[in-house]
Amino acid sequence: MASQLRFDGRVVLVTGAGGGLGRAYALAFAERGASVVVNDLGGDFRGDGKSSLAADKVVEEIRRKGGKAVANYDSVEAGEKIVKTALDAFGKIDVVINNAGILRDRSFARISDEDWDIIHRVHLRGSFQVTRAAWEHMKKQNYGRIIMTSSISGIYGNFGQANYTAAKLGLLGLSNTLALEGRKRNIHCNTIAPSAGSRLTQTVLPEDILDALKPEYVAPLVLWLCHESCEENGGMFEVGGGWIGKLRWERTLGAIVRQRNQPMTPEAVKANWTKICDFDNSVKPQSVQESTVSLIEIVSKINSEEGVSSNQTSHAASTATSGFAGAIGHKFPPFSSAYTELDAIMYALGVGASVKDPKDLKFVYEGSSDFSCLPTFGVIVAQKVLMDGRIAEIPGLSINFAKVLHGEQYLELYKQLPRTGKIQSEAIVADIIDKGSGLVIIFDVYSYSGKELICYNQFSIFIVGSGGFGGKRTSDKAKLALAIPNRPPDAVFTDTTSLNQAALYRLSGDWNPLHIDPNFASLAGFDKPILHGLCTFGFSARHVLHHFADSDVSRFKAIKVRFAKPVYPGQTIQTEMWKEGNRIHFQTKVQETGDIIISNAYVDLVPTSDISIKVPPESEKLQSTFVFEEIGRRIKDIGHEIVKKVNAIFEWHITKGGNTAAKWTIDLKNGSGAVYQGPAKGSADTTIILSDEDFMELVLGKLDPQKAFFSGRLRAKGNIMLSQKLQMILKDYARL
Ligand code: NAI
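The notes below deal with the structure included here. Owing to the predicted nature of the structure, the values given are computational and were not obtained by experimental measurement. (Residues numbered from 1 in each chain as written. Predicted model: local features only at pLDDT ≥ 70, side-chain atom pairs only at ≥ 80, totals over all residues. Heavy atoms only, no water.)

## A word on the packing of helix α4 (residues 113-141) against helix α6 (residues 162-182)
Then, number 1: In contact at an axis separation of 8 Å, α4 and α6 are set at 15° when each is read in the N-to-C sense. When the interaxial angle is binned, α4 and α6 end up roughly parallel. Crossing hand, α4 versus α6: right-handed. Contacts between α4 and α6 involve D115, W116, I119, H120, H123, L124, S127, F128, T131 and W135 from the former and A162, N163, Y164, A166, A167, K168, G170, L171, L174, L178, E181 and G182 from the latter.
Then, number 2: Across the contact of α4 with α6, the residue classes tally to twelve nonpolar, seven polar and three charged. (Axes fitted to C-alpha atoms, helices over the stretch in contact; angles between N-to-C directions. Helix = DSSP H or I, 4+ residues; strand = E, 2+ residues; numbered from the N terminus. Parallel < 35°, antiparallel > 145°, perpendicular 65-115°, else oblique. Left-handed = near helix turned anticlockwise from the far one by under 90°. Contact = heavy atoms within 4.5 Å. Nonpolar A, V, L, I, M, F, W, Y, C, P; charged D, E, K, R; others polar.)

Quick look at the structure:
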């Protein structure tokens, strides 16, 4: 069982703790070891009068149970005095719960100045005064947890509560800023909008509802948010009756309603109104930066587009305002193409396979008994889905193709490439990252032969000069390049490219004139046409396979490279390799100059012992196997974090033709997690049964788990609620 969240040694101040919600918090904190300051002015619910009775009673109750508490009877407007009570009694202040509150409900027209002011003084100014008094102490000790109490009336508005709702939403603004200012000092501030039976609500809610909404059903959230192990900061939660939900802002993609050098008119606003208010494909900005960046993008877009029609502008707006949200997740239309032995041979020659090397004969001669496609031909079948201007059609991105560089490449094969084939590829913009000097677009491409997933590619494209938009610097979607070991290489292989190497390689489908046309190359700033990065990639992969796998293509699993510099046809490519188990790290240099052209690269080989498993007869092969293996690998890297979030064991029964064909376990409960074949060691919290095909659809986001459950395609046993967490696992960790 999870250990109890304790507050021993912590000093907690709860305002308005003489009754209702505040009392519940004070009791709960004290019960878990905190020293509590019970503040309450003791007036009536309108804020009239005062008494020490309310606070004293709660202090008495805590002490009777063996807890530590002192009373304070000041109004929250005297924040300094209340915090001083904490310092005098317990020597410090760790947690502040701004809870005190009153009501002065009246319809808007009848609100007096006093009704307005007193509500603001108690709720907004009171929270400010108390928190400010505690702030410096929290900063000094590098620790603090603060709660602001808002209200669903504040969030959504409520008849007769204009004064209260204005103050309550003001508290959210205050909290959002404190969350930012306090972050560095480990001071977290969160907001709750509780619903509970108390004297404030007893006149507005029916009795049976009041009974169901006990203050004790709100307190656990407050305790968790204020625990030292809770990382939540700047969150906003609705809570009541045993339910808790988180809120955030949502914004439509919007529309540009202005054209360059033209006045902006209300008519243009009217004309675009549906689009301005259309929440389809909305975005969820989380900071002023995220919000402003898109604004700056829009302005520069308007300024760079002369005479655009209203339709075009609104399209541009929809993408620019999105902060690339319109682009991220963009799916390209699937693309099918067929290849024959001729294409495979042409590719092999393009990446330097030669009859000089007897091991290469099978790549260049269709009559060889073991004729094979080079594994890296997998990029060729996939890249077509991104070519022919398709990248230019990504919404929200205007790409200057003269500034495009191929940054990194990852390829993983799930099956040997057949000698001829018809491949359908599906591509998606997985993410966009800001590298300062440029932006990186990450494309995930899945290639199928029939329904079978053959390979997965990740293309990282660098657009020089488009960075610095305040976007994130890294992406958890990116396959990472890895540093080479710090020792001399275990093997080095050199290969001289021919002057016609690029001319030959381009016949495999990359027709970019940069690689053949001297004029074009000089426009792009090169002395002469350069070799394709993916050509060097093919050379290096061939070298690794030759050295460490006897050119056996069934040993190839995956490759990752980072392109560092160009190579000119005719130069000698030198691949330096390091063996670390089944992973071969490598870097590739131009021998003549010593320049590194591919860095931080590796090839993953299939262990020899697994070959029989890796290439089972077609009919028996389960696609889910690769996904589980991939989840396993990812969990190895970041398992600890997910175990904390999920805390459950899932057992999977994968069926084929109606029979269970494999069992897998994803253990996200123990240690830093594990994925293994077979039933759960111990017992599973949830067992999920579905076919291999449906599993793949689920992982690829084509099958909704809830719908699959209700339609009977997916069956679940055990704790079914836990399976909701599956969506998280599938979404974040099973992306192939
Ligand atoms: P409550 O009336 O039972 O508790 C509020 C406490 O604050 C009272 O004990 C009162 O004496 C004290 N207080 C009032 N003015 C004070 C001041 N100037 N200085 C120090 N103490 C003062 O009400 P309840 O329901 O427990 O409310 C707690 C907080 O939760 C309030 O901020 C309220 O606005 C908020 N809230 C409550 C909801 C509910 O469903 N109960 C709904 C939304 C928000």
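## Quick look at the pattern of salt bridges
Then, number 1: Summed over all chains, the structure comprises 36 salt bridges.
Then, number 2: In this structure, the salt-bridge partner of R10 is E228, at a minimum N-O distance of 2.6 Å. One end of the pair, R10, is in the segment before β1 (11-14); the other, E228, is in the loop between α8 (219-225) and β7 (236-240), and 218 residues separate them in sequence.
Then, number 3: When its relative accessible area of 46% is taken as the criterion, E228 is described as partly exposed. (Salt bridge = Lys/Arg side-chain N within 4 Å of Asp/Glu carboxyl O. Buried < 20%, exposed > 50% of the residue type's maximum accessible area, 1.4 Å probe, protein only.)

## Side note on the sheet that holds strand β6 (residues 187-195)
Then, number 1: Strand order in this open sheet of eight strands is β3-β2-β1-β4-β5-β6-β7-β8, and the pairing throughout is mixed. Among the strands making up the open sheet, the edge pair consists of β3 (68-72) and β8 (243-246). Ignoring which end each strand starts from, the neighbouring axes of this sheet average 20° apart.
Then, number 2: Across four bridges, the pairing between strand β4 (residues 95-98) and strand β5 (residues 144-149) is parallel. By the bridge assignment, V95 is partnered in β5 with R145.
Then, number 3: In this fold helix α2 (residues 53-64) packs onto β2 (35-39) and β3, with an angle of close to 175° to the strand it touches most, β3.
Then, number 4: In the packing of α6 onto the sheet, the strands contacted are β5, β6 and β7, and the crossing angle to β6 comes to about 155°. (Pairing = 2+ DSSP bridges.)

## Regarding the packing of helix α1 (residues 20-31) against α2
Then, number 1: In the contact formed by α1 and α2, the axes pass within 10 Å of each other and the chain directions differ by 25°. Considered as vectors, α1 and α2 are oriented roughly parallel to each other. Considering only the axes of α1 and α2, their crossing is right-handed. Contact with α1, carried on its side by R23, A26, L27 and A30, involves V58, E61 and I62 of α2 and no other residues of that element.

## Some thoughts on unusual backbone geometry
Then, number 1: The phi dihedral of D550 is positive, around 55°, even though this residue is not glycine.
Then, number 2: Residue placement: D550 occurs in the loop between α18 (533-549) and β15 (556-563).
Then, number 3: By relative accessible area, which is 54% here, D550 ends up exposed.

## Considering the site of the ligand
Then, number 1: Around the ligand, a shell composed of 29 residues is seen, among which L21, D40, N99, Y164 and S198 lie nearest.
Then, number 2: At a separation of 3.0 Å, an oxygen atom of the ligand approaches a polar side-chain atom of K168.
Then, number 3: Between the ligand and A196, the relevant distance is 2.8 Å, taken from an oxygen atom to a main-chain nitrogen or oxygen of the residue.
Then, number 4: Every element with two or more residues in the shell around the ligand is listed here: α1, α4, α6 and β6. (Near = heavy atom within 4 Å. Polar contact = N/O pair within 3.5 Å; in protein donor to acceptor, adjacent residues only side chain to side chain.)

## Here's the deal with the pairing of strand β13 (residues 452-464)
Then, number 1: Here β13 lies mainly inside the structure; twelve of its 13 residues are buried.
Then, number 2: Sheet topology places strand β12 (residues 438-449) next to β13; twelve bridges connect them, and they run antiparallel. Considered in β13, the bridge of Y448 is made with L453.

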